[in-house]
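# Analysis of the macromolecular model
Residue-level listing of the chains:
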Amino acid sequence: MKFAHMADLHLGSWSNHPVLREMPLKAFKKAVDICLDEAVDFVIIAGDFFDTSIPGIDVMRSAVSQLKRLHDHDVRVYVVTGSHDFSPSGKTIISVLEEAGLLVNIAKMKESNSKIYLDFTKDKTGAKLCGIVGRRSSLEKSFFERLDKAIEKENGYKIFVFHSALEEYKPKHLKDMPGISCNMLPKGFDYYAAGHVHVRNVIDFDGSKIVYPGPLFPANFQELEKNEAGFFIVENGKEKYVQLKTVEVVLIDIDADGKTPGQVEDEVMSHIDKNAHNKVVLVRIRGTLADGKPSDIDFRSIANEAEKNGALTIKRNINKLKAKELEEVKVDEHLSVEEIESRVIKEHLENGETFENEEDIIHALMSLLSQEKKQGETASVFEKRIREDAKKIFCVE
Ligand SMILES: [Mn+2]
């Protein structure tokens, strides 16, 4: 028996990015190529197959064409939904793909007398699979707490599939991610196919192994920086990692402390050369500028330079770049949105008012601009009304 275990494909992610949006789909195609080459019996997808429960048509078409290839080679696909593609109403594309016979959702959970019972799905090879879905904020924890342990006594080669972080093994940078404890997992399984944590990890557990493959394609800037992605192939109880490098990445990391926007721009430019050819260029700028604002850095010319050097695309991260005059305002996360808004406005105003009654005007404009079109109101009437109300706020006529 030979199977593949992948998780966190997030098909449909990077949807706003013209180049990166293709990459998760490319990675899946590559993974399917390898699964067919290796002649695996089945493929496990441990959650977050898609980035949303109902992805766009293009994403679905592309995913379906790969599932169809597996199907035509009699390679079964077993999935649980993850925190991203789960939907409490069951309205997820996974159910449509299951109806079409392209995959099987193996999280067959039944609730009775507040206990959770799992049914096994039996593969042709004799392997028996069951699993639990992942939900946002680890709401699946209660499923584990109420799990009936009869499944521990089932005999045969058993695989448990889940989509949760484990408190005992969370990577440092994800320490705030809610998770479950190892001792909540049912015992007596031969393989634990996990997902959710986007870092590869193989953990010894109860004489067996819990395996996190990590994502099939990096899902954010930080993951792109590491560019670690892939899946596992398991044969006769031995797992082998298959790395997927769908793109090549080059990182330009700039410390902007005490520099002007122009200097930062020049520094980034000087790092973009032929080396960028066919690569994803990541630009990370951090620190506090000597003058000006982050938006004074001309990213358009930087992007043009990257394009001229044949870069696949360029992606910037300026989360930690600050302007001197506008120091960061810290807010208490327990406040309501309105309270946070008015505190941020007040604190910014301490840096100096630009015009009279600025605070009142900001509040009035925010409330005006959050208005929506009334029923029956045409777009042009709506626009006119907003314009006129805005003029009133500024006392101009
Ligand atoms: Mn994920």
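Criteria and thresholds
Residues numbered from 1 in each chain as written. Predicted model: local features only at pLDDT ≥ 70, side-chain atom pairs only at ≥ 80, totals over all residues. Heavy atoms only, no water. Buried < 20%, exposed > 50% of the residue type's maximum accessible area, 1.4 Å probe, protein only. Helix = DSSP H or I, 4+ residues; strand = E, 2+ residues; numbered from the N terminus. Pairing = 2+ DSSP bridges. Right-handed = clockwise from strand over helix to strand, strands pointing away. Donors = N, O, S within 2.8 Å, 3.2 Å for Na, K, Ca; no water. Axes fitted to C-alpha atoms, helices over the stretch in contact; angles between N-to-C directions. Left-handed = near helix turned anticlockwise from the far one by under 90°. Contact = heavy atoms within 4.5 Å. Nonpolar A, V, L, I, M, F, W, Y, C, P; charged D, E, K, R; others polar. Domains from an automatic or database assignment. Buried area = accessible area lost by both parts, 1.4 Å probe. Salt bridge = Lys/Arg side-chain N within 4 Å of Asp/Glu carboxyl O. Patch = residues over 30% accessible without salt bridge, like charges linked within 9 Å, V, L, I, M, F, W, Y side chains within 5 Å. Areas by Shrake-Rupley, 256 points an atom, 1.4 Å probe, with all protein chains shown as cover. Phe/Tyr/Trp six-rings, centres within 6.5 Å; stacked < 30°, edge-to-face > 60°. Lys NZ or Arg CZ within 6 Å of the ring centre and 35° of its normal.

With that settled, the discussion passes to the pairing of strand β1 (residues 2-6). The element β1 is extensively covered by neighbouring structure, given that five of its five residues are classed as buried. Summarising the sheet, β1 and strand β13 (residues 230-235) pair through four bridges and their orientation is antiparallel. Bridged to Ala 4 within β13 is Ile 233. Examined bridge by bridge, β1 and strand β2 (residues 42-46) share four bridges and lie parallel to one another. The residue of β2 that forms the bridge with Phe 3 is Phe 42. What joins β1 to β2 is helix α1 (residues 23-37), and the crossover it makes is right-handed.

This part is about unusual backbone geometry. At Asn 227, a position not held by glycine, the phi torsion is positive, near 50°. Its place among the elements puts Asn 227 in the loop between α5 (221-226) and β13. The backbone of Asn 278 shows a phi angle near 65°, a positive value even though the residue is not glycine. Following the sequence through the fold, Asn 278 ends up in the loop between α6 (261-271) and β16 (279-288).

Moving on, we get to the coordination of the manganese ion. Around the manganese ion, the protein contributes the donor atoms Asp 8 (OD), His 10 (NE2), Asp 48 (OD) and His 198 (NE2), which lie 2.1 to 2.4 Å from the metal centre. Between the donor residues of the manganese ion, the gaps in sequence give the motif D-x1-H-x37-D-x149-H. With His 10 in the loop between β1 and α1 and His 198 in the loop between β10 (191-195) and β11 (201-205), the pair connects residues that are 188 residues apart, well separated along the chain. No difference in accessibility class separates His 10 from His 198, as the two residues are buried.

Moving on to the environment of Phe 221. Turning to its location among the elements, Phe 221 is positioned in helix α5. Classification of Phe 221 as buried rests on a relative accessible area of 7%. Here the alpha-carbon distance between Phe 221 and Asn 319, two residues 98 residues apart in the chain, equals 11 Å.

Right, let's talk about the packing of helix α8 (residues 337-349) against helix α9 (residues 358-369) for a bit. Two elements in contact, α8 and α9, have axes whose closest approach is 10 Å; the angle formed by their N-to-C orientations is 145°. When you trace α8 past α9, the crossing you get is right-handed. Contacts between α8 and α9 involve Glu 341, Ser 342, Ile 345, Lys 346 and Leu 349 from the former and Glu 358, Glu 359, Ile 362, His 363 and Met 366 from the latter. Of the residues assigned to the contact of α8 with α9, the class counts are four nonpolar, two polar and four charged.

Taken domain by domain, the protein holds domain 1 (2-243), domain 2 (248-322) and domain 3 (337-393). Averaged C-alpha coordinates put domain 1 and domain 2 at centres separated by 36 Å. Contacts between the two partners involve 10 residues from domain 1, matched on the other side by 13 residues from domain 2. Buried area between domain 1 and domain 2, both sides added, is near 910 Å², and the carbon and sulfur share of it is 73%. Counting the surface domain 1 buries against domain 2, the share from its top three residues, Phe 221, Leu 224 and Glu 225, is 54%. Note that Arg 284 is salt-bridged to Glu 225, the shortest N-O span being 2.8 Å. A per-element tally of the side of domain 1 that touches domain 2 places α5 first, with four residues. Within the side of domain 1 that touches domain 2, the residues separate by chemical class into six nonpolar, three polar and one charged.

This part covers a nonpolar patch on the surface. Taken together, the side chains of Phe 355, Phe 394 and Val 396 make up a nonpolar region of the molecular surface, amounting to roughly 260 Å² of accessible area. Here Val 396 shows up in the segment after α10 (379-393).

Here the focus is the environment of Ile 252. Mapped onto the elements, Ile 252 comes out in strand β15 (residues 248-255). As a C-alpha pair, Ile 252 and His 271 span 19 residues in sequence and 6.9 Å in three-dimensional space. Excluding residues within four positions of it along the chain, Ile 252 makes contact with Val 268, His 271, Ile 272, Val 281, Leu 282, Val 283 and Arg 284.

Glancing now at the packing of aromatic side chains. The geometry of an aromatic ring pair comes down to the distance between the two centres and the angle between the two planes. One pass over the full model with this rule turns up 15 aromatic pairs. Here the aromatic rings of Phe 232 and Tyr 241 are separated by 5.2 Å at their centres, their planes lie at 55°, and the arrangement is tilted. For Phe 232, a relative accessible area of 3% translates into the label buried. Residue Tyr 241 is classed as partly exposed on the basis of its relative accessible area, which comes to 21%. Taken together, the ring pairs in this structure connect Phe 120, Phe 144, Phe 160, Phe 162, Phe 189, Tyr 192, Phe 205 and Tyr 212 into an aromatic cluster. Just above the ring of Tyr 241 sits the side chain of Arg 200; from NZ or CZ to the centre is 3.7 Å.

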